[in-house]
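Structural characterization, general
What follows is each chain in one-letter form.
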Amino acid sequence: MHRWRGSFFWFIQSGPFTGCSAGTSKFNYLKLELNLCVGGGARRSSKIDRVIMCWWAFTGLTHMILEGYFVFTPDFFKDTTGHFLKEVWKEYSKGDLRYALRDSAIVTVEGLTAVLEGPACILAVYAIATKKSYSHVLQLAIALGQLYGTFVYYITAILDGDNYSATPYHYYAYYIGANAWWLLIPCLIAIRSWKKICAAFEVQNNRNKTKARCD
């Protein structure tokens, strides 16, 4: 855990927040994710757990750094310095104009995601690597939160006419393609964690029944 915490603070000091180039920022981002995924107890985890850890590391850093930057930088669209994260959001706004307009629903969803789900995702990496008892409960909660946020994201756009993209390409590549993963993968993780939790309760119930018969 200390290694991961140190890696995270190193990233904050040397990453995109300090004005590094786009290449350096992406390299630092990937290096931190690898540290989270392969450090410590991760090597003793199953293959599927390591894949899920990489997902939680990726999505957690994305929530905190990328989406957090959007939430706390309301004037990103006016920037002319070429800052990496501001340029990312300028480009993404071509797929969803609500980001450039600072739509209240979008800011709210992104804010809650960055502040609550981001750190929770990193905690999930730690919980899986160290085999904490709350691992699957935490993963189920985060996955349901991500599904809820993504449904709100799409449904609010549909209710407003679903006409926020500059071109069909930006609509399907950014608005649909970049967000659909947050429906598919959390759904699969939620199902897996639900089954694991149910199996654990079943084992405990069987033990209690066996103990009651012995008594």
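Structure first, text after, so check above.
Criteria and cut-off values
Residues numbered from 1 in each chain as written. Predicted model: local features only at pLDDT ≥ 70, side-chain atom pairs only at ≥ 80, totals over all residues. Heavy atoms only, no water. Core = buried A, V, L, I, M, F, W, Y, C linked by side-chain atoms within 4.5 Å. Buried < 20%, exposed > 50% of the residue type's maximum accessible area, 1.4 Å probe, protein only. Helix = DSSP H or I, 4+ residues; strand = E, 2+ residues; numbered from the N terminus. Contact = heavy atoms within 4.5 Å. Patch = residues over 30% accessible without salt bridge, like charges linked within 9 Å, V, L, I, M, F, W, Y side chains within 5 Å. Areas by Shrake-Rupley, 256 points an atom, 1.4 Å probe, with all protein chains shown as cover. Salt bridge = Lys/Arg side-chain N within 4 Å of Asp/Glu carboxyl O. Phe/Tyr/Trp six-rings, centres within 6.5 Å; stacked < 30°, edge-to-face > 60°. Axes fitted to C-alpha atoms, helices over the stretch in contact; angles between N-to-C directions. Parallel < 35°, antiparallel > 145°, perpendicular 65-115°, else oblique. Left-handed = near helix turned anticlockwise from the far one by under 90°. Polar contact = N/O pair within 3.5 Å; in protein donor to acceptor, adjacent residues only side chain to side chain.

Considering the nonpolar core
Among the nonpolar cores identified, the biggest contains 19 residues, and Trp56, Ile142 and Ile189 are the most heavily contacted of them. Going through the elements one at a time, helix H3 (47–71), helix H5 (104–129), helix H6 (135–159) and helix H7 (168–214) are the ones with two or more residues in this core. Looking at this core, the element that brings in the most residues is H5, giving six residues. The contact partners of Ile142, leaving out residues within four places of it in the chain, are Trp56, Glu117, Ala120, Cys121 and Ala124. Among the nonpolar cores identified, the runner-up in size contains 17 residues, and Ile65, Val71, Phe76 and Tyr153 belong to it.

Comments concerning unusual backbone geometry
Even without a glycine there, the phi angle at Arg102 is positive, about 55°. Mapped onto the secondary structure, Arg102 falls in the loop between helix H4 (84–92) and H5.

Notes on a nonpolar patch on the surface
The grouping of Phe72, Leu112, Val115 and Leu116 at the surface amounts to a nonpolar patch, some 440 Å² of accessible area in total. Considering the arrangement of structural elements, one finds Leu116 in helix H5.

A few points about the packing of aromatic side chains
According to the stated counting rule, one finds 18 aromatic pairs in the structure shown. Taking 6.0 Å as the distance between ring centres and 35° as the angle between the ring planes, the aromatic pair formed by Phe58 and Trp182 counts as tilted. Of this pair, Phe58 sits in helix H3 while Trp182 sits in helix H7, and the two are 124 residues apart along the sequence. For Phe58, a relative accessible area of 30% translates into the label partly exposed. Judged by relative accessible area, which is 14%, Trp182 ranks as buried. For the ring pair Tyr92 and Tyr174, a centre distance of 6.2 Å and an interplane angle of 20° mean the geometry is stacked. Of the two residues, Tyr92 is situated in helix H4 and Tyr174 in helix H7; the sequence distance between them amounts to 82 residues.

Some remarks on the packing of H3 against H6
The contact between H3 and H6 brings their axes to 13 Å, and the two run at 50°. The angle between H3 and H6 places the two elements in the oblique class. Like other packed secondary-structure pairs, H3 and H6 cross with a definite hand, here left-handed. Between H3, through Ile52, Trp55, Trp56, Thr59 and His63, and H6, the contact on the second element is made entirely by Gln139, Ile142, Ala143 and Gln146.

A short note on the pattern of salt bridges
Scanning all chains against the criterion turns up four salt bridges. Here Arg192 and Asp49 are joined by a salt bridge, their closest N and O atoms 3.2 Å apart. Of this pair, Arg192 sits in helix H7 while Asp49 sits in helix H3, placing them 143 residues apart in sequence. By relative accessible area, which is 15% here, Asp49 ends up buried.

Describing the side chain of His170
Positionally, His170 belongs in helix H7. Residue classification places His170 among the buried positions, given a relative accessible area of 11%. Every residue in contact with His170, bar those within four places of it in the chain, is listed here: Glu91, Lys94, Gly95, Ser165 and Tyr175.

Quick notes on the environment of Asn179
Mapped onto the elements of the fold, Asn179 is located in helix H7. For Asn179, the residues in contact, after removing those within four places along its chain, are Tyr92, Thr150, Tyr153, Tyr154 and Tyr174. At 3.3 Å, the side chain of Asn179 forms a polar contact with the backbone oxygen of Tyr174.

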